[in-house]
Amino acid sequence: MSARLPHVGQLAISHILNMRDTMRPLIAGNWKMNGLGDSLHEIERLVAELLEQPAAADILICPPFTLIDRAEALVRGSAIQIGGQDCHVDASGAHTGDISAAMLADSGAKAVIVGHSERRANHGETSARVAGKAKAAHVSGLMPIICIGETEAERNAGHVLEIVLSQLRDSIALVPAPNYVIAYEPVWAIGTGKTPTLQDIADIHSAIRGALIDHEAEPGKQVRILYGGSVKPDNAAAILCLPHVNGALVGGASLKATDFMKIIRAA
Ligand code: 13P
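Residues numbered from 1 in each chain as written. Predicted model: local features only at pLDDT ≥ 70, side-chain atom pairs only at ≥ 80, totals over all residues. Heavy atoms only, no water.

(A) Quick look at the nonpolar core. Y180, I182, I208 and L212 are the most contacted members of the largest nonpolar core, which totals 65 residues. No other element matches helix α9 (residues 198-215), which puts 6 residues into this core. If we ignore the near neighbours within four places in the chain, the residues touching Y180 are M143, P144, I146, I172, V175, L212, H215, E216, V223 and R224. Residues L26, A28, I113 and I145 belong to the second largest nonpolar core, which totals 12 residues. (Core = buried A, V, L, I, M, F, W, Y, C linked by side-chain atoms within 4.5 Å. Buried < 20%, exposed > 50% of the residue type's maximum accessible area, 1.4 Å probe, protein only. Helix = DSSP H or I, 4+ residues; strand = E, 2+ residues; numbered from the N terminus. Contact = heavy atoms within 4.5 Å.)

Here it is in structure tokens:
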């Protein structure tokens, strides 16, 4: 697969060669539609462990909306921050069942995931819509975590970079760098136990970095690019030390404090 990835532009390559990856990693947990009040014990465990031994990474947990308030009260004063999993483009209005970025911020959230492939697939979200959500998050003082990634069919057809870079371009259009985080999550790697090769992850992250720099030179260097898709305690260290991998977006393995802590320690 790696051999099929085209090279990024010469300008971007020279920037990449000159830059050093000095960003503090971000390890973010996406609980998806999982977690009742009992699950807050997992957050309590993380807080206690981090108090004993601080982490070398920023840590974010995105529980379901119903737990944000309570989770935020538990992590206050700790190294963990709380985020949402989606937000509406509007600040308020007649949108039954939706949550605005302002509401998330009011509940104590500091970030929000936008454009997750499950939202793109299940709710028909386009990259233009994702850009609107990212802008709404930014305006409300939240850090948007913008997800991009190809499906298995797109990968098999050899269109990985074309898809990923076009989602990137359209999704970041309304927020200035470095006020967002990118999460590269190949759809076929989510919840499957499958991951791309380390070389493929490195190639795609470096192409994303090149595109960010082409878009906004200096600030583009400071955007964190996370990898997501079957990140587990046993593969986290190898993935997190790749160039231009500035952290991870973790699904299943973020639900248990013991697993999530091992990934945090791998960073
Ligand atoms: P898994 O880690 O369960 O594969 O999920 C990844 C993901 O979708 C995070 O947003």
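Next comes the rest of the write-up.
(B) Quick look at the site of the ligand. The environment of the ligand is formed by 13 residues, the closest being K32, H116, G191, S230 and G252. G191 is positioned with one of its backbone polar atoms (N or O) 2.7 Å from an oxygen atom of the ligand. G251 places a main-chain nitrogen or oxygen 2.9 Å from an oxygen atom of the ligand. Isolated, the ligand exposes 310 Å² of accessible area, and the fraction of that covered by the protein chains is 97%. Its residues placed into classes, the shell around the ligand shows 4 nonpolar, 7 polar and 2 charged. (Near = heavy atom within 4 Å. Polar contact = N/O pair within 3.5 Å; in protein donor to acceptor, adjacent residues only side chain to side chain. Areas by Shrake-Rupley, 256 points an atom, 1.4 Å probe, with all protein chains shown as cover. Nonpolar A, V, L, I, M, F, W, Y, C, P; charged D, E, K, R; others polar.)

Without other data, these values stay purely geometric and don't point to any function.
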